[in-house]
Each structure stands twice: as structure tokens, then as C-alpha cells.
Amino acid sequence: PGIRVLGLYIDLNEFDKPAYGILINGEGEVEEVITLPYFRYSHKGTQNRDLTKGKLADIEKLKDFILEQKPHVIGLPCEGRSLIYQKDLQEIVTALEQQHQIDPIAIELVDPSVARIYKETTRSKTEFPSYKPEQKMALSLCRRLRDPLVEFSQLCNFSNDILNLPWGMLKKFVSSERLRECLYEEFMTRVNEVGVDLNFAVDHFHYQSMVQFVCGLGPGKGMLFLNF
């Protein structure tokens, strides 16, 4: 049950790094990981046979992965060559829809600002100590697509990572204390509008940051509740 999301991240600054994919289930937990060493390269109009062979192999690998895992949506970071990779993915998905009559799969561009911060947080290092930074970013893209409020709330911590987001040019005129206060007030409003499943929070680490915004709890009581 729930929405299955595949997130792909390609580091545009490191040309020797592969593309990493993370698939999460309807509860936001990681189910599968895929590595695509040649997906970042173009196989059209190039004379490099090795790159062409590698890219075509990665396309087939990704097709098999999509057929087996059946994601409802695929997320890409909205930066750099995103539109090129989005076009590549659209061709893959269209081919699968025509050849195997699979349900339509949406391809979405996602702002990677939260993912960039998440990969450096203590929370990400605790939850996924063996993951590469690019894998953590792919995961964050997935979770932001699935439930943005949960993903943003993970940055509301003792390190105040939420303040590191690009809040606009006028941010410098607002003190960190005032910005944090206003952001937390808005989080409390939105979290209490949608509600929090406390039993779900106990079993799912990434969801636990929502508990601090439940009326009457806060970070201290919320942590005591989760550890009870």
C-alpha cells in the first residue's frame, strides 16, 4: 500500500561517479538500491563505443528494475542537465508502457536543497551510516516527493539545519532566532492540521521528527514518548 517512489541522483560535478537510485515503499522505508555507472552519459552522437555500450546496458538494467519494483513516480533533482535525464527517463517509461502495458509513471523534478542538507545531518549518518552522500540525496528526493512535511521536519533539530535552506535574499535581515521561531510555529500549525500517527513514529525513524510538533509535547516530551 501507499506510493512507491524511485529517486535518482547524478552528481554533475563529479564526472566519474555513477548515478544512484533509491526505491522507497509506501511507508517511506528503503526497499531497493540501484547503481548505474553509465546513465549520466549520452549514447547519441558519440563515437565512444564503451560509453554507448555502457549507457545502453544501464538503460536495460533500469527498465528491468522499474518492471520489477513498479514505482508510481520517479524523482530527479531539478538542476543542471535535469531536463536531458528527464527526457531519457520518459523514453524508458514510454517504451515500458507500450511493450508491457504498465501503469503510467510520473517523472518529477524535485528541488534538491533539502537533500543537500540532509546528507550531512547527524540523522542521515545514524539512519544510513554506510550510504554514500549521493545515495542519501536520492533517498531524500524520494521522501520529499512522498511527504514533504516529514522530510522538511527532519531538518528541525538541535543543529538548526532548517535555517540552512535558501530562504531568499531578505533572510539576512531576519535574526536566526526569529526565523527559527516563525518556522517552528508554521510547522506546529501544519503538523497538527494533518495529524501524527504516534504508533507509526515509534516504528519509523524518519517520521519521528514530526512528534516534536504535536501540541503539548515539544522536542523533550516527544523524545521521552518515543523512548518510553
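Residues numbered from 1 in each chain as written. Predicted model: local features only at pLDDT ≥ 70, side-chain atom pairs only at ≥ 80, totals over all residues. Heavy atoms only, no water.

Description of unusual backbone geometry
One non-glycine residue, Gln 101, lies in positive phi territory at about 50°. We note that Asn 160 has phi near 55°; this positive angle belongs to a residue other than glycine. Inspection of the secondary structure assignment puts Asn 160 in the loop between α6 (148-153) and α7 (176-194). (Helix = DSSP H or I, 4+ residues; strand = E, 2+ residues; numbered from the N terminus.)

Details of empty space enclosed by the protein
All chains considered together, the criterion is met by two cavities of 30 Å³ or more. Lining the largest cavity are Ile 10, Leu 12, Leu 76, Pro 77, Glu 79, Ser 82 and Tyr 85. Of all elements in the fold, only β4 (73-77) and α2 (82-100) reach the threshold of two or more residues within the lining of the largest cavity. Tallied by class, the residues present in the lining of the largest cavity amount to five nonpolar, one polar and one charged. In this model, the second largest cavity occupies a volume close to 40 Å³. Around the second largest cavity, the lining residues are Ile 24, Gly 28, Arg 143, Arg 146, Asp 147, Val 150, Glu 151 and His 206. Elements represented by at least two residues in the lining of the second largest cavity include exactly α5 (133-146) and α6. Tallied by class, residues from the lining of the second largest cavity come to two nonpolar, two polar and four charged. (1 Å grid on protein atoms, 1.4 Å probe; cavity = no way out; pocket = protein on both sides within 12 Å on 5 of 7 lines; lining within 4 Å. Points joined across faces, edges and corners; volume = space filled by probe spheres on them. Nonpolar A, V, L, I, M, F, W, Y, C, P; charged D, E, K, R; others polar.)

Re the pattern of salt bridges
Under the counting rule described, the total for this entry stands at ten salt bridges. Among the salt bridges present, the one from Glu 31 reaches Arg 4, with a minimum N-O distance of 2.9 Å. Of this pair, Glu 31 sits in strand β3 (residues 30-36) while Arg 4 is found in the segment before β1 (5-9), placing the two residues 27 residues apart along the sequence. Notably, a salt bridge pairs Glu 186 with Arg 190, separated by 2.6 Å at the nearest N-O pair. You can see Glu 186 and its partner Arg 190 sitting in helix α7, four residues apart, about one turn around the helix. For Glu 186, a relative accessible area of 38% corresponds to the partly exposed category. By sharing partners, the salt bridges in this structure join Glu 186, Arg 190 and Glu 193 into a single network. (Salt bridge = Lys/Arg side-chain N within 4 Å of Asp/Glu carboxyl O. Buried < 20%, exposed > 50% of the residue type's maximum accessible area, 1.4 Å probe, protein only.)

Some points on the nonpolar core
Ile 162, Leu 165 and Phe 187 are the most contacted members of the largest nonpolar core, which has 22 residues in total. Where this core is concerned, the elements lending two or more residues are α3 (113-118), α6, α7 and α8 (198-203). Ranked by residue count, the leading element in this core is α7, at five residues. Excluding residues that lie within four positions of it along the chain, Phe 187 makes contacts with Leu 149, Phe 152, Ser 153, Cys 156, Ile 162 and Phe 213. With 21 residues, the next largest nonpolar core counts Leu 8, Leu 96, Ile 105 and Ile 107 among its residues. (Core = buried A, V, L, I, M, F, W, Y, C linked by side-chain atoms within 4.5 Å. Contact = heavy atoms within 4.5 Å.)

Let's talk about the state of the cysteines
Within the structure shown, the criterion is met by zero disulfides. Just so you know, Cys 78 is unpaired, no disulfide at all, and the nearest cysteine sulfur is the one on Cys 142, 16 Å from it. Cysteine Cys 156 remains unbridged, with the sulfur of Cys 182 as its closest cysteine sulfur at 13 Å. A residue is classified by how much of its surface remains accessible, and Cys 156, at 4% relative accessible area, is buried. (Disulfide = S-S within 2.5 Å.)

Brief notes about helix α1 (residues 49-69)
Look at α1: 30 Å from first C-alpha to last across 21 residues, which is about the 30 Å you get at 1.5 Å a residue. Residues of α1 that are buried include every one of Thr 52, Gly 54, Lys 55, Asp 58, Ile 59, Leu 62, Lys 63, Phe 65, Ile 66 and Gln 69, and no others. Among the structural elements, β1, β2 (19-24), β3, β4 and α2 are those in contact with the buried residues of α1. Immediately downstream of α1, the backbone of Lys 70 shows phi near 55°, a positive value. (Expected span 1.5 Å × (residues − 1).)

Concerning the environment of Ile 105
With respect to the helices, strands and loops of the structure, Ile 105 is situated in the loop between α2 and β5 (106-110). Along the backbone, Ile 105 and Phe 128 are 23 residues apart, and their C-alpha atoms lie at a distance of 27 Å.

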